Amino acid sequence: MPSDEKIIKSNKKGKSPLTDLNLFVTGSIDIPFLAITIALLTIGLIMLFSASYPYAYYKNNHDSYYYFTRQFVFAVVGLVAMAVMSKINYKWLRVVSVPLLAVTILLLIIVLFYHTDVGGAGDSSFKRWIPIGSFTLQPSDIAKFTIILTMATYISNYYGKMRTFKYGICFPLGIIAVFCGLIYLEHHMSCTILMFLIGATLMFVGGSDWKLFAFGAAVLALVTFMVVTFPELLESYAGDRIRAWLDKDFSPTDLRWQTNNSLYAIGSGGLFGVGLGNSKQKYLYVSEPQNDFIFSIVCEELGFVGAAVIIILFAALVIRGFVIASRCHDKFGALIVIGIVAQIGIQVILNIMVVTDTIPNTGIALPFFSYGGTAMMMLLFEVGVVLSISRKSSQKKV
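Here the structure is a predicted model, which means the values were calculated and not measured. (Residues numbered from 1 in each chain as written. Predicted model: local features only at pLDDT ≥ 70, side-chain atom pairs only at ≥ 80, totals over all residues. Heavy atoms only, no water.)

> Would you explain the overall build of the protein in this entry?
Secondary structure summary: the protein contains 13 helices and two strands in total. Relative to its 398 residues, the protein shows a buried fraction of 50%. Sequence separation of at least 24 residues holds for 72% of the intrachain contacts in the protein that already meet a minimum separation of 6. Of the roughly 18300 Å² that the protein leaves accessible, carbon and sulfur atoms contribute 69%. (Helix = DSSP H or I, 4+ residues; strand = E, 2+ residues; numbered from the N terminus. Buried < 20%, exposed > 50% of the residue type's maximum accessible area, 1.4 Å probe, protein only. Contact = heavy atoms within 4.5 Å. Areas by Shrake-Rupley, 256 points an atom, 1.4 Å probe, with all protein chains shown as cover.)

> What am I meant to see in the pattern of salt bridges here?
Between side chains of opposite charge, a pair can form when the charged atoms approach closely. All told, the structure shown has five salt bridges when counted by the stated rule. Among the salt bridges present, the one from Lys144 reaches Asp141, with a minimum N-O distance of 3.1 Å. Of the two residues, Lys144 and Asp141 both sit in helix α5 (residues 139-157), three residues apart, roughly one turn of that helix. The exposure class of Asp141 is buried, given its relative accessible area of 7%. (Salt bridge = Lys/Arg side-chain N within 4 Å of Asp/Glu carboxyl O.)

> Sorry, what's going on with the packing of helix α7 (residues 189-206) against helix α12 (residues 331-355) here?
Helix-helix packing is characterised by the crossing angle of the two axes and by the distance between the axes. Running from N to C, α7 and α12 cross one another at 140°; their axes reach a closest spacing of 9 Å. Taken together, α7 and α12 sit at an angle that is classed as oblique. For the pair α7 and α12, the sense of crossing is right-handed. Note on element contacts: α12 touches α7 through Leu335, Ile338, Gly339, Ala342, Gln343, Ile346, Gln347 and Leu350, opposite Leu194, Leu197, Ile198, Thr201, Leu202, Val205 and Gly206. Among the residues forming the contact of α7 with α12, the class breakdown is 10 nonpolar, five polar and no charged. (Axes fitted to C-alpha atoms, helices over the stretch in contact; angles between N-to-C directions. Parallel < 35°, antiparallel > 145°, perpendicular 65-115°, else oblique. Left-handed = near helix turned anticlockwise from the far one by under 90°. Nonpolar A, V, L, I, M, F, W, Y, C, P; charged D, E, K, R; others polar.)

> What should I look at first to understand the packing of aromatic side chains in this one?
Aromatic ring pairs are reported here in terms of the distance separating the ring centres and the angle at which the planes meet. A full pass over the atoms with the stated rule returns 15 aromatic pairs. Centroid distance Phe145 to Phe381: 5.4 Å. Interplanar angle 90°. Geometry classified as edge-to-face. Of this pair, Phe145 sits in helix α5 while Phe381 sits in helix α13 (residues 373-393), and the two are 236 residues apart along the sequence. Pairing Tyr154 with Phe171 gives two aromatic rings, centres 6.5 Å apart and planes at 85°, and the pair type is edge-to-face. Highlighted residues: Tyr154 in helix α5 and Phe171 in helix α6 (residues 165-185), separated in sequence by 17 residues. Residue classification places Tyr154 among the buried positions, given a relative accessible area of 10%. Taken together through their ring pairs, the aromatic side chains of Phe49, Tyr53, Tyr65, Phe68 and Phe72 make up a single cluster. It is Arg94 that lies over the ring of Phe332; its NZ or CZ is 5.2 Å from the centre. (Phe/Tyr/Trp six-rings, centres within 6.5 Å; stacked < 30°, edge-to-face > 60°. Lys NZ or Arg CZ within 6 Å of the ring centre and 35° of its normal.)

What follows is the structure, given as structure tokens:
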């Protein structure tokens with residue numbers, strides 16, 4: 001029987017029907033990766049309820065369970081998607097990569113014209129959510145996986161040419177620019193940065209010339225320096241956040257309010273925390289504590305020790321992902337795993353840096369913890385993809 005890889009290549013040449021590619025994959029999943037995921041999901045749901053019930057009671061007709069029940073439903077749907085995807089041959093993703101790219105780009109364009117400001121700052125200029133009945137869809141959460149799949153497909157197709165300027169720099173940067181440009185138009189700076197970093201990570205591990213990569217990093221550092229020095233170069237919403245980060249007395253009742261109260265929460269937690277459920281800052285001091293700043297409530301209630309355990313779990317998840325990627329028999333699967341764990345790791349780092357006022361407030365979610373249906377379902381789906389690849393990675397070549 002021909003291998004799946006050969007079947008896919010022959011499909012591209014029109015020599016073999018897609019039905020020859022096995023739909024399901026056999027082999028055992030990576031138990032450590034699954035166990036760490038379930039642990040983070042469980043802790044995340046518990047902390048979401050603890051952090052959100054006062055705000056939910058105040059904002060949603062005295063329903064303290066509002067955010068928790070919705071997130072729990074999203075998590076169940078995501079777990080089902082994870083279980084199904086873990087059984088499907090991940091190489092089918094290569095077949096659907098172009099249609100998924102087209103759908104994602106279409107959604108990113110639609111949200112610019114048809115959107116709601118639910119979850120935003122009451123400003124219609126934040127074009128991030130497409131309303132669908134009583135729910136909303138955030139295309140940027142889908143785009144995170146799409147850019148991983150698109151870059152993995154491209155790099156595995158042109159791996160032998162990745163050290164050239166044309167194939168290793170120009171084309172990959174073009175792909176990244178399309179995603180970053182559309183998301184930037186949503187006024188979603190944090191996701192724009194995240195998308196760029198995901199793409200750059202895949203370029204680096206995919207074989208782009210490190211000298212050109214170093215030059216690009218130097219240019220990026222210069223641009224960052226210019227933006228920090230002259231915040232007026234950015235649009236007002238982003239520039240004001242940089243000013244609020246640089247000047248701790250800037251807008252204390254508005255732009256600094258959330259960050260200041262986050263720091264109060266972290267400081268109040270001490271070594272072992274004030275106890276689960278006993279946070280004071282979640283009582284309308286930390287704005288929307290169920291979202292981007294949930295980690296500050298984690299620090300207040302569980303203390304330094306509890307927060308450190310959660311960080312260690314995230315680190316273990318990323319490391320285990322790299323182990324799975326290193327055992328993968330093909331570049332496409334390895335690149336997907338690296339892209340997914342890079343996405344998780346980068347989001348965690350940026351979120352904690354924002355919460356601790358290390359970088360300006362960019363509004364980036366903490367995986368498995370922050371409230372968000374699209375993000376939760378896509379994240380668990382991505383875990384299913386990693387588990388599918390781990391099944392193939394556990395098999396020996398014959």
